[in-house]
Amino acid sequence: MKSAVENLNPTRVRLTVEVPFEELKPSLDAAYKKINQQVTVPGFRKGKVPARVIDQRFGRGAVLEEAVNDALPKLYQDAVEEGELSPLGQPEVDITELKDNELLAFTAEVDVRPSIEIPDYSGIEVTVDAVEVTDEDVDKSVEQLRERFASTTVVERAAAEGDVVKIDLEASVDGEVLEDGVAKGIDYTIGSGELLDGIDEAVTGLEAGGSATFTSELKGGSAAGREAEVKVDVTSVSARELPELDDDFAQMASEFDTLEELRADSRKRLERMKKYDQATQAQEKVLDALISLVEVPVPEKLLQDEINTRKHNLVNHQLSQLGMDLATYLKMQEKSEEEFENELKEQAEKGIRTQFILDELVNKEKLNVNQEELTEHLMRRAQSSGMSPDQFAQAVVEGGQVPMLVGEVARGKALAVVVEAAKVTDTNGETVSMEDEEDEEESGEAAGASAESTEQSGEKSEG
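Note that this is a predicted model, so its numbers are computed, not measured.

1. Side note on the overall build of the protein
Link 1 in the chain: Per the secondary structure count, the protein includes 16 helices and eleven strands.
Link 2 in the chain: Relative to a compact globule of 463 residues, whose C-alpha radius of gyration would be 23 Å, the protein shows 32 Å and is clearly more extended.
Link 3 in the chain: By its C-alpha atoms, the protein is 100 × 60 × 40 Å across when sized along the principal axes.
Link 4 in the chain: Counting the 463 residues in the protein, one finds 40% classified as buried.

Pasting the structure below:
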């Protein structure tokens, strides 16, 4: 077999392959055997029809077609390996010549991973938010804990902000009550903003047994995005009472004996959260800086497939679960369809570029993924998916997604290498060390999430 590679553009090649006929003999034998099992010829036992009789009865062309179809996948794969290519997606194959007992020639056009040069990234500098926890931050944290331990007492008076009202709701559009627009026995804290716009004003001042009607745009359900007339009935009003902020509260709400110890622990927890946010911010900014340094051509078909995948997931999974269509979503986001499409394209391009760059870094830095790293990543992904580790692992194996997970971990390690080499300072001008805060698994999430669906399609097409 002879093969040659022609670069059509930085992300697409044409393979030209010539195969001497003797190399097709195993596929010809398999074709005769397959046809033998499918046909019946008088005078011959099933499966024992000679090749010459098959040629006479059914035509040599049918045998050749079967043989070529059988041989093409391996011939194509051999040419890919000979050309040291990394194909993306399925090839477009064209048989250019087929001479019986002489030659098979074909071409195959396919998208390939572009050749990427990773420049010196040690000069990357980024600025991140400083880790600062104020007394006001601690006050807010403790107050939120206090809110969780609030008690309620039914009162015989008009409802006011901060009260908890038990309500029944009935939403109508164009005078018709919606099937999914009726809810009873809902507890709602006035002023929380957790229900429909306009409900706070409607229930404020009502006593138990009172009713009001207001107009609001529905956020979900069969009439999401439409204006509805909502009737609200108040069945009870309860006042919320907050516990005193003292040592007794600390003992009730935590493992600490004093309020001072509780506040100190809250400060430490807020510092950890802000350090995590700082590390994530550093990873994102370093990744953006790295992407800006590298020229990465993006295959058009891969980009379009990625855009379609992202749009499908949004419309058929995320929005459908909310009972919302794309038009309603765009209205709520105050975006035109053109703005949405442009944003989707930009995100898809960034995801593909991210994957290509970090995969090249994995190769350049010779990074490997061990079993412990893969297991930790699998546990993290299982937790975020709401599945048990065993269920998630089984789904990954059955779906052939293990290479995808390995790729996510490897890209996380590649990004960690770049972050460690970068100069990270905070808004106070202090140098930030990423060695303690950085978690390669988390950086894998930051680096790999935007390219996750690309990785899934990429693994399938390259396999």
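2. Thoughts on a negative patch on the surface
Link 1 in the chain: Together, Asp247, Asp248, Asp257, Glu260 and Glu261 line one region of the surface with negative charge.
Link 2 in the chain: Elements that contribute at least two residues to the negative patch include exactly α6 (247–253) and α7 (259–293).
Link 3 in the chain: With respect to the helices and strands, aspartate 247 occurs in helix α6.
Link 4 in the chain: By relative accessible area, which is 37% here, aspartate 247 ends up partly exposed.

3. Here's the deal with helix α9 (residues 326–333)
Link 1 in the chain: For α9, every residue scored as buried is listed here: Leu326, Thr328, Tyr329 and Leu330.
Link 2 in the chain: Where α9 is buried, its residues touch α8 (300–321) and α10 (337–364).
Link 3 in the chain: Glutamate 334, located one to two residues past α9, shows a positive phi value of around 55°.

4. Observations concerning the packing of aromatic side chains
Link 1 in the chain: A complete count under the given rule lists two aromatic pairs for this structure.
Link 2 in the chain: Relative to phenylalanine 249, the ring of phenylalanine 149 lies with its centre 6.2 Å away and its plane at 90°, an arrangement referred to as edge-to-face. Here phenylalanine 149, found in the loop between α4 (135–148) and β6 (151–154), pairs with phenylalanine 249, found in helix α6; they are 100 residues apart in sequence, far enough to count as distant.
Link 3 in the chain: Given a relative accessible area of 31%, phenylalanine 149 falls into the partly exposed group.
Link 4 in the chain: Centroid distance tyrosine 329 to phenylalanine 340: 6.5 Å. Interplanar angle 80°. Geometry classified as edge-to-face. Here tyrosine 329 is found in helix α9, whereas its partner phenylalanine 340 is found in helix α10, with eleven residues between them in sequence. Taken as a pair, tyrosine 329 and phenylalanine 340 share a single burial class, namely buried.

5. Some thoughts on the pairing of strand β1 (residues 2–9)
In regular strands, side chains alternate between the two faces of the sheet.
Link 1 in the chain: Bridging between β1 and strand β2 (residues 12–20) involves seven bridges; their strand directions are antiparallel. Bridge pairing in β2 places asparagine 9 opposite arginine 12.
Link 2 in the chain: Here β1 folds back onto β2, and the loop between the two strands holds two residues.

6. Let's talk about unusual backbone geometry
Link 1 in the chain: The backbone of asparagine 101 shows a phi angle near 65°, a positive value even though the residue is not glycine.
Link 2 in the chain: Along the chain, asparagine 101 falls in the loop between β3 (87–99) and β4 (103–112).
Link 3 in the chain: Asparagine 101 gets classed as exposed once you look at its relative accessible area, which sits at 59%.

7. Describing the confidence of the model for the protein
Link 1 in the chain: For the protein, the average pLDDT comes to 89, and 94% of its residues sit at 70 or higher.
Link 2 in the chain: Here residues 437–463 is a poorly scored stretch, pLDDT under 50, and it has 67 contacts once near neighbours within four places are set aside; other chains count.

8. Notes on the packing of α10 against helix α13 (residues 402–421)
Link 1 in the chain: In the contact formed by α10 and α13, the axes pass within 8 Å of each other and the chain directions differ by 80°. One finds that α10 runs roughly perpendicular with respect to α13. Contact residues: Gln355, Leu358, Asp359, Leu361 and Val362 in α10; Ala410, Arg411, Ala414, Leu415 and Val418 in α13.
Link 2 in the chain: Tallied by class, residues from the contact of α10 with α13 come to seven nonpolar, one polar and two charged.

Calculation criteria
Residues numbered from 1 in each chain as written. Predicted model: local features only at pLDDT ≥ 70, side-chain atom pairs only at ≥ 80, totals over all residues. Heavy atoms only, no water. Helix = DSSP H or I, 4+ residues; strand = E, 2+ residues; numbered from the N terminus. Rg over C-alpha atoms; globule rule 2.2 N^0.38 Å. Buried < 20%, exposed > 50% of the residue type's maximum accessible area, 1.4 Å probe, protein only. Patch = residues over 30% accessible without salt bridge, like charges linked within 9 Å, V, L, I, M, F, W, Y side chains within 5 Å. Areas by Shrake-Rupley, 256 points an atom, 1.4 Å probe, with all protein chains shown as cover. Salt bridge = Lys/Arg side-chain N within 4 Å of Asp/Glu carboxyl O. Lys, Arg positive; Asp, Glu negative; His and termini not counted. Charge placed at Lys NZ, Arg CZ, Asp CG, Glu CD. Contact = heavy atoms within 4.5 Å. Phe/Tyr/Trp six-rings, centres within 6.5 Å; stacked < 30°, edge-to-face > 60°. Pairing = 2+ DSSP bridges. pLDDT = per-residue confidence, 0-100. Axes fitted to C-alpha atoms, helices over the stretch in contact; angles between N-to-C directions. Parallel < 35°, antiparallel > 145°, perpendicular 65-115°, else oblique. Nonpolar A, V, L, I, M, F, W, Y, C, P; charged D, E, K, R; others polar.

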